[in-house]
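Residue-level structure breakdown
What follows is each chain in one-letter form.
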Number of protein chains: 2
Amino acid sequence: MQQLETYLASRKQKHAYQYALWLLSWDQETETPDASLQYRSDQIEVLSTLLYEVEMSDARIEAIDYLALHPETLTKELQVEIKHVKKELDHLRKIPKQEYIDFQVLLSQAGHIWSQAKQNNDFAAYLPTLEKVITFQKKMVKYLQTDTIKGYDVLLDLYEPGMTVVDYDHFFNTLKTDLVPFALKASKVVQKAPRKLTKGHFPKAQQIEFNTYLLDVFKYNTKKGVLKQSAHPFTSGVVSVDTRITTAYHEDDVRSAIFSTIHEMGHAIYEQQVNPAFDYTELKGGVSMGIHESQSRFYENMIGRSPAFWDVHFDKLVSTFPKALKGVTKDEFVRYINQVKRDYIRVEADELTYSLHVMVRYEIEKMLFNGKLKAKDLPKVWNRLYRQYLGLTPKTDTQGVLQDIHWAFGSFGYFPTYALGSAISAQIYHKMNQDLDIEAVVRANDIAQINQWLKTNIHQYGKLIEPKDLILKATQEPFNPQYYVRYLIDKYSRILGIEA
Amino acid sequence: MQQLETYLASRKQKHAYQYALWLLSWDQETETPDASLQYRSDQIEVLSTLLYEVEMSDARIEAIDYLALHPETLTKELQVEIKHVKKELDHLRKIPKQEYIDFQVLLSQAGHIWSQAKQNNDFAAYLPTLEKVITFQKKMVKYLQTDTIKGYDVLLDLYEPGMTVVDYDHFFNTLKTDLVPFALKASKVVQKAPRKLTKGHFPKAQQIEFNTYLLDVFKYNTKKGVLKQSAHPFTSGVVSVDTRITTAYHEDDVRSAIFSTIHEMGHAIYEQQVNPAFDYTELKGGVSMGIHESQSRFYENMIGRSPAFWDVHFDKLVSTFPKALKGVTKDEFVRYINQVKRDYIRVEADELTYSLHVMVRYEIEKMLFNGKLKAKDLPKVWNRLYRQYLGLTPKTDTQGVLQDIHWAFGSFGYFPTYALGSAISAQIYHKMNQDLDIEAVVRANDIAQINQWLKTNIHQYGKLIEPKDLILKATQEPFNPQYYVRYLIDKYSRILGIEA
């Protein structure tokens, strides 16, 4: 009992520090005046150090080790929680402290070096830093690997517990054989959008009005969150009762803010609907990156980009932008927001080709960590894979291998969860559609029903159920990428009027 | 040297906690979603406890006591800082811990009880709580008093170091003899404002535009702060590089947001202009409530309500509200924003009568603490004093003794600083006007010159110089309420066209 009390007391302090650091980060992205950045960064350093001292205190470590060995004394929820924190703790213990600190220092500089290199299309300037990051990641893999999880799997497991190279290979191979040929064909269809859409001007004030309207359409709970603006849209959740989102308005593109807002609402509704009793535990929040992305993509693509959705909301859109959208038809708009276009840039990719961008990164990471690829050869391999899967060759490294920040942050193993999330969302859609007529629900503007289904089957559990088990429980079968391929081919063959 | 290092290390942690708590408070007033209030309050409790532990750690206390006894080892700035923290520490040490905690619990309930009583015009419901608060305040006076500071002076000194009953009596007696007769006469002048002003509609979007324009006019540094909205306007500063303000927009009153914004900019420009080297010390921020209020009132009344100011900015105001202000003249507007009206409510009082409201509260507090008044007799005495100084009798306790929250918060000794600040601002105006032609500077829309004067003579010093010394240094003479009386009589005899 005393060990449990020690653990709970340390958790209370840990959460208070995390809450303060969370708010500092939210404020920094949305409001902090420029001149205060140095002062703020000094305070963050102090608070982070205090948090680290709490997390790594001898008494807490002893308590966690003890409780992990004596789960029978704990509730079911606490057993899961202790398993999570024990895993985190073991990771921290396995990495020598000085190496960990050196790596954090390296990362704190790498982002800036990457950004300069991208701006100057200068891969060579980035290479030495990238090599150091990879070297550390390889060392980390060695420190963290166990009898059952080895090599690149160690990194994959950090972002999506339970997923391995075997699983991802199966997934991406399915895409390669079943989706790539269709995507290449689809991207060749000529898709023209009205000039009013592609060259229009959409004033920010009206965009704010429409995006605020969307909060209500999706029943994003504004008693548990806010919508604000930032340079890049993001969701910032700390507990179910405080999960905030941002969007970014671009006056030359009416789509951008709309689909960012819906995407972030997907992330946020997930966290808002976690069992509120978990707020004070480590079971709060989403369970993995893949499950999280499955929710954001579900709302963004499967609801937000569906023709049924715009059957209900297109009139409101037109009345919000009466001048800019005069004469544009609903069908033109739906085709516009579902345009397929081979592109060099992942973050600008459409729904159909998005996962193929991710596949390139997955294959590269796999080769880096099984020794088949050296960092210096990255541009060459990157371009070859883009040619192979997307049918185009980047003209510069800036629009090629330098486009993403993730590797500079040491986030190897993260990319695959983006594609995985999209694929999971299709499987969820399939199952949900057996319980609800999703299109009819969307046409009835009753998305609360969809939220309720997701709450019951996924959201409420927070981190209580591991991702693979959660998929099984929610959809009654293990992850199956065929739903995703079928969904995409079905949707785009209809929209583009081509054969599957 | 080791004691100094101990102290500096504790200061670093203290500032990090204070920064987190400051941001939590700012966020709570401007953005926090409702449902998170309980969770947030739990985190605040943890962080406050951690802060208390840092502040009251044996090592820190020992270090402060040591350094206070050995000032010769310290820089001049650190000597002042240690004097400040020693004073705070002594206060905390003199009050028995349990009594202090009991009082905090009482205060945490008193606000709500006051609010209910005010709403229901039920002084009797509030009386038992108020009596308890006063009883504690009297005990606190006993704990804190020294050979030189006794009785009510102990409370006055908490908000305005160095000010005593003798000083305030001199100040308020001057108002009583030299200002009250004029104010009563002035308030009888019939002052009509155009219906366009009193019954107009001023859309929020345009108000935001005009208030944003004012930020630039006053050179509020938006690299060191932001303007946001909240239920009640306030300034929230933590260091010179992060001093934020809010305003509140009322669509039926164009004045409200304008003068709130200018008032809060006065507070904020003060803190923004403190020597930035003080950001990491206890010398940051303003030195006292009175000096702070002198800055906000200076900007709000002496600049913002001056005819010269509207010579420059009235056209912009009209062009922002072309419909609402069509046909209104600049002179009508200047008279409107300087209307004199006897009122029951302090926060709605005009510049001329404002200090008389404060005088009522000062006299009452003085009597409460020298034993000449019991809490149960407050309504009777309140109404008598309003009749005497403002020539009117409140019809209910809601518009009388129940109107302010301060006493429920235990803030006895605070009110007088409001009037003191206004009076100090007149003395500053007089001195500044010898160095600059203020009206000409305002007409040239060059308020940066005024900011610079205040920075050089007042702001830069932060808490380095005690209030009384600061006034002496900045104006070359001790505080003298005659400047205030003369300023008011001069201004209002001109505006109202009556004799002084």
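Because the structure is a prediction, the values reported are computed rather than measured.

**Points about the overall build of chain A**
In terms of regular secondary structure, chain A is built from 21 helices and three strands. The C-alpha atoms of chain A give 23 Å as radius of gyration, which agrees with the globular expectation for 500 residues (23 Å, within 12%). Seen through its C-alpha atoms, chain A measures out along the principal axes to roughly 70 × 50 × 50 Å. Out of the 500 residues in chain A, the part that is buried amounts to 58%.

**Some words on the relation of the copies chain A and chain B**
When chain A is fitted to chain B, the residual RMSD is 0.0 Å, and the transformation amounts to a turn of 180° plus an axial shift of 0.0 Å. This pairing of chains is accounted for by a two-fold axis. Distance from the rotation axis, computed per C-alpha, reaches its smallest value in chain A at Ala20 of chain A: 2.8 Å. Most of the interface of chain A is mirrored in chain B: 100% of its interface residues are interface residues there too.

**Here's the deal with the nonpolar core**
Within the largest apolar cluster, 140 residues are counted, with the highest numbers of intra-cluster contacts made by Phe171, Phe218, Phe298, Trp310, Ile364, Trp407 and Ile450 of chain A. When near neighbours in sequence (up to four residues on either side) are disregarded, Ile364 of chain A contacts Leu373, Leu378, Val381, Trp382, Leu385 and Trp407 of chain A. Counting residues in each nonpolar core, the second largest holds 138 residues, with Phe172, Met265, Ala324 and Leu470 of chain B among its members.

**Describing the interface of chain A and chain B**
Contact residues are listed per partner, giving 38 residues for chain A and 38 residues for chain B. When chain A packs against chain B, close to 3200 Å² is buried across both sides, 65% of that on carbon and sulfur atoms. Taken together, the links from chain A to chain B amount to six salt bridges. The partner of Arg244 of chain B in a salt bridge is Asp27 of chain A, with the nearest N and O atoms 2.8 Å apart. At the junction of chain A and chain B, the tally comes to 19 residue pairs in polar contact (both at pLDDT 80 or more). Looking at the side of chain A that touches chain B, the elements with two or more residues in it are helix H1 (2-30), helix H2 (37-55) and strand E3 (242-247) of chain A. The biggest single contributor to the side of chain A that touches chain B is H1 of chain A, with eleven residues.

**Focus: the pattern of salt bridges**
As enumerated under the stated definition, the model contains 68 salt bridges over all chains in all. Across the pair Asp169 of chain A and Lys366 of chain A runs a salt bridge whose closest N-O atoms are separated by 2.7 Å. Placement of Asp169 of chain A in helix H8 (residues 165-186) and of Lys366 of chain A in helix H15 (residues 354-369) is noted, with a sequence separation of 197 residues between them. Residue classification places Asp169 of chain A among the partly exposed positions, given a relative accessible area of 22%. Between Asp377 of chain B and Lys376 of chain B there is a salt bridge, with its nearest N and O atoms 3.3 Å apart. Here the residues in one salt-bridge network are Asp27, Glu31, Arg40, Lys228, Asp242 and Arg244 of chain A together with Asp27, Glu31, Arg40, Lys228, Asp242 and Arg244 of chain B, joined through shared partners.

**Focus on the confidence of the model for chain A**
With 100% of its residues at a pLDDT of at least 70, chain A reaches an overall mean of 96. Per the prediction output, this complex has pTM 0.92; the corresponding ipTM is 0.91.

**Quick look at the sheet that holds strand E2 (residues 235-239) of chain A**
Through backbone hydrogen bonds, the strands of a sheet pair up, either in parallel or in antiparallel fashion. All names here are of chain A. Spatial strand order, E1-E3-E2: three strands in an open sheet with mixed pairing. Every other strand in the sheet has two partners, leaving strand E1 (227-229) and E2 as the edge strands with one partner each. Taking the axes of each pair of neighbouring strands and ignoring which way they run, one obtains an average angle of 25° across the sheet. Bridge analysis of E1 against E3 gives three bridges, and the strand direction is parallel. Across the sheet, residue Leu227 finds its bridge partner in E3, namely Ile245.

**Section: the side chain of Arg244 of chain B**
Assignment of secondary structure puts Arg244 of chain B in strand E3 (residues 242-247). Judged by its relative accessible area of 0%, Arg244 of chain B is buried. Polar side-chain contacts of Arg244 of chain B include one of 2.8 Å to the side chain of Asp27 of chain A.

**Section: the environment of Thr281 of chain B**
Residue and element names in this part refer to chain B. By the secondary structure assignment, Thr281 is in the loop between helix H12 (254-272) and helix H13 (289-304). Taking C-alpha positions, Thr281 is 20 Å from Glu160, a pair spaced 121 residues apart along the chain. Once residues within four sequence positions are removed from consideration, Thr281 is found in contact with Arg11, His15 and Glu81. A polar contact is formed between the side chain of Thr281 and the backbone nitrogen of Leu283, at a distance of 2.9 Å.

**What to know about the packing of helix H18 (residues 415-435) of chain B against helix H22 (residues 482-496) of chain B**
All names here are of chain B. H22 packs onto H18 with a crossing angle of 85° between their chain directions and a minimal axis gap of 7 Å. As summarised for this structure, H18 and H22 are arranged roughly perpendicular, according to the angle between their axes. Contacts from Ser422, Ala423, Ala426, Gln427 and His430 of H18 reach H22 at Tyr483, Tyr484 and Tyr487. Here the residues of the contact of H18 with H22 are counted per class, giving five nonpolar, three polar and no charged.

The rules behind the values
- Residues numbered from 1 in each chain as written.
- Chains lettered and ligands numbered in written order.
- Predicted model: local features only at pLDDT ≥ 70, side-chain atom pairs only at ≥ 80, totals over all residues.
- Heavy atoms only, no water.
- Helix = DSSP H or I, 4+ residues; strand = E, 2+ residues; numbered from the N terminus.
- Rg over C-alpha atoms; globule rule 2.2 N^0.38 Å.
- Buried < 20%, exposed > 50% of the residue type's maximum accessible area, 1.4 Å probe, protein only.
- Least-squares fit on C-alpha atoms with pLDDT ≥ 70 in both.
- Contact = heavy atoms within 4.5 Å.
- Core = buried A, V, L, I, M, F, W, Y, C linked by side-chain atoms within 4.5 Å.
- Buried area = accessible area lost by both parts, 1.4 Å probe.
- Salt bridge = Lys/Arg side-chain N within 4 Å of Asp/Glu carboxyl O.
- Polar contact = N/O pair within 3.5 Å; in protein donor to acceptor, adjacent residues only side chain to side chain.
- pLDDT = per-residue confidence, 0-100.
- Pairing = 2+ DSSP bridges.
- Axes fitted to C-alpha atoms, helices over the stretch in contact; angles between N-to-C directions.
- Parallel < 35°, antiparallel > 145°, perpendicular 65-115°, else oblique.
- Nonpolar A, V, L, I, M, F, W, Y, C, P; charged D, E, K, R; others polar.

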